[in-house]
Amino acid sequence: MSDLLTYTVNKQHDETRQGKALDLDLQPVGFANSRKFYIESYGCQMNFSDSEIVASILAGEGFSITTNLFDADLVLLNTCSIREKAEQTVRSRLRTINALKLQKPGMLIGVLGCMAERLKSKFLEEEKLVDIVVGPDAYRSLPQLLEEADGGQKGVNVLLSREETYADISPVRLDKTGITAFISIMRGCDNMCSFCVVPFTRGRERSRDPGSILAEAKDLFNKGYREVTLLGQNVDSYKWKREDNQQNKDAEVLMNFAQLLECVAKVDPLLRVRFSTSHPKDITDDVLHTMAKYENICNNIHLPVQSGNSACLDRMNRTYDREWYINRVDAIKRIIPGCGISSDIIAGFCGETEEEHQDTLSMMEYVQYDFSYMFYYSERPGTLAARKYEDDVSLDIKKRRLIEIVDAQYQLSLKSNLNDIGKTFTVLVEKTSKKSEDELCGRNSQNKVIIFPKENYKVGQYVNVIVESANKAMLKGKAVGLVNDYII
Ligand code: SAH
Ligand code: SF4
Ligand code: F3S
């Protein structure tokens, strides 16, 4: 019971329909009679953020959350479909949980997220012990589906929506640091990258009411949070149009991403702002100038390249080529000197030649990425690539190319980190270091992890730290004083 978190919840639904963040008054209490749910999240930050919405919906129904699987009456897996391996991980986890259910017959198992959306009712046939299957736009129907499942009726709701943004739901923060939080600013994706399953699992792109985003940021700041990350599959195409006209292509745009970023930055100079993910075709100089103008907007851009070769990018349907990408990187380096740049890279996409692979390596060298997420191509059923191209690069070659990309990235990360030795950065302290109670851990504006001796510093403070040593994963240093103003 020690790690059991239980809460009482004051629902204020009626006051909050029009974009005002729902204020859930969460007070830890110790009553053990309410039903408990346990949730595990897989995949991207968006899924982790959605789990906080699900937690809020369930809290509103009187459920309390437990971090102990064995205590749960309801077990939810918020799943990812991005690669075959992601789905395998979920299936094997389901097997473990199903074994547990045999000893705990009343327990309900729910599958949420992208795999639920992709497989729909097939899930109930394939995984016999799953009780409910709920897609990313259908979380408001969870209470009803659970009621039906209690009565022995299995349920599926995988309807995608063109409007749902959960704008009025105030997420229950599952991250325990209380310093950093995600804010979803949009949902879905209208790009059709040929390798990607997301447009099928998350539906059409839609932006969230900026009023509700700002209210959420302010609320977080007032509760002691010091960093927000604005989330979307393609944040640069954020658009808020005249109220009743979000789906109309020609409707006047009242707020674009650069303007939203500026509004969030103005919430408080002590609130750091990050965002993810930027699409190279959409990131504008306006966004870069806004970043340069506000010191609390962190100097880090996640700009997935996927491939460094124009022909391969064309097959991927990324709608930019090598030159365009280089132009965007040059603009970042010109407008925000010292800005961290990170990437996603796919090795061995359909038809990728050795020369094309070399272009990816040379692109990495050109940009000097500080960090990358790297994968080998995994064909996803129903995607453009699965229908149009043969998955013709052998697994051996995919793996070899991926190793070359990973090795190149490790060298770049190490070089970038060694280059920081002797520099002083402002670190937002997030937590005590995992390795030692005597050390604190945080990140600098460029999103690099920095560890330093605790002394009298505390979580939530901005501390200037001089870097003394580095490896490919992080920097180590020594505090040189608290930051009195907000030079970040
Ligand atoms: N919206 C983001 C990425 C979302 S998915 C963007 O446009 O950049 C995260 C990453 O997973 C992608 O950037 C891509 O590198 C990788 N990915 C997506 N589909 C994949 C597939 N079928 N095989 C391998 N990697 C894939
Ligand atoms: Fe997938 Fe492309 Fe959309 Fe990113 S932009 S989610 S890679 S389709
Ligand atoms: Fe995975 Fe869905 Fe995110 S497929 S990467 S959880 S949008």
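Here the structure is a predicted model, which is why all the values come from computation and not from measurement.

Undergrad: Just to check I follow, could you spell out the packing of aromatic side chains for this structure?
TA: In the structure shown here, the tally under the stated rule is nine aromatic pairs. Residues phenylalanine 349 and tyrosine 377 carry aromatic rings whose centres are separated by 4.9 Å and whose planes lie at 80 degrees to one another, so their mutual orientation is edge-to-face. Linking phenylalanine 349 in the loop between strand S17 (340-347) and helix H12 (354-367) with tyrosine 377 in the loop between strand S18 (371-376) and helix H13 (384-388), this pair joins segments that are 28 residues apart in sequence. With relative accessibility at 0%, the residue phenylalanine 349 sits in the buried group. On the numbers, 4.9 Å between centres and 90 degrees between planes, the contact of phenylalanine 371 with tyrosine 373 is edge-to-face. Phenylalanine 371 sits in the partly exposed class, given a relative accessible area of 41%. Looking at tyrosine 373, the relative accessible area reads 44%, which means it is partly exposed. Clustering of aromatic rings is evident, with ring pairs tying together Phe195, Phe349, Tyr377 and Tyr389. A cation sits over an aromatic face here: arginine 226 above phenylalanine 221, 4.0 Å from the ring centre.

Undergrad: What exactly am I supposed to notice about the sheet that holds S18 here?
TA: Picture the strands of a sheet paired through backbone hydrogen bonds; they go either parallel or antiparallel. Strand order in the open sheet made by the three strands is S16-S17-S18, with parallel pairing throughout. With one partner strand each, in any of the chains shown, strand S16 (300-302) and S18 form the two edges of the open sheet. Averaged over all neighbouring strand pairs, the angle between strand axes comes to 10 degrees, with direction disregarded. Sheet topology note: the S16/S17 ladder contains three bridges and is parallel. By the bridge assignment, histidine 302 is partnered in S17 with serine 342.

Undergrad: Sorry if this is basic, but what is going on with the confidence of the model for the protein chain here?
TA: Predicted coordinates in regions of low pLDDT should not be interpreted in detail. Averaged over all residues, the pLDDT of the protein chain equals 91, while 92% of them reach at least 70. When the criterion is pLDDT under 50, residues 1-32 qualifies, and its contacts beyond four places in sequence or with other chains add up to 65 contacts.

Undergrad: Whenever I open this one, the pattern of salt bridges confuses me. Can you help?
TA: If the charged atoms of two oppositely charged side chains come close together, the side chains can form a pair. For the structure on display, the rule yields 35 salt bridges. Close ionic contact of arginine 187 with aspartate 137 constitutes a salt bridge, the shortest N to O distance being 3.5 Å. In this pair, arginine 187 is assigned in strand S10 (residues 186-187) and aspartate 137 in the loop between strand S7 (132-134) and helix H5 (142-150), connecting sequence segments 50 residues apart. Given a relative accessible area of 3%, arginine 187 falls into the buried group. Residue aspartate 137 is classed as buried on the basis of its relative accessible area, which comes to 7%. A single salt-bridge network, built from bridges that share partners, covers Asp50, Asp137, Arg187, Arg202 and Arg206.

Undergrad: Looking at this model, I keep getting lost on the site of ligand 1. Mind explaining?
TA: By nearness alone, 15 residues border ligand 1, and Phe195, Gln233, Gln306, Asp344 and Ser378 come closest of all. Between glutamine 233 and ligand 1, the recorded distance is 2.9 Å, taken from a side-chain N or O atom to a nitrogen atom. Residue aspartate 344 places a side-chain N or O atom 2.6 Å away from an oxygen atom belonging to ligand 1.

Cut-off values and rules
Residues numbered from 1 in each chain as written. Chains lettered and ligands numbered in written order. Predicted model: local features only at pLDDT ≥ 70, side-chain atom pairs only at ≥ 80, totals over all residues. Heavy atoms only, no water. Phe/Tyr/Trp six-rings, centres within 6.5 Å; stacked < 30°, edge-to-face > 60°. Helix = DSSP H or I, 4+ residues; strand = E, 2+ residues; numbered from the N terminus. Buried < 20%, exposed > 50% of the residue type's maximum accessible area, 1.4 Å probe, protein only. Lys NZ or Arg CZ within 6 Å of the ring centre and 35° of its normal. Pairing = 2+ DSSP bridges. Axes fitted to C-alpha atoms, helices over the stretch in contact; angles between N-to-C directions. pLDDT = per-residue confidence, 0-100. Contact = heavy atoms within 4.5 Å. Salt bridge = Lys/Arg side-chain N within 4 Å of Asp/Glu carboxyl O. Near = heavy atom within 4 Å. Polar contact = N/O pair within 3.5 Å; in protein donor to acceptor, adjacent residues only side chain to side chain.

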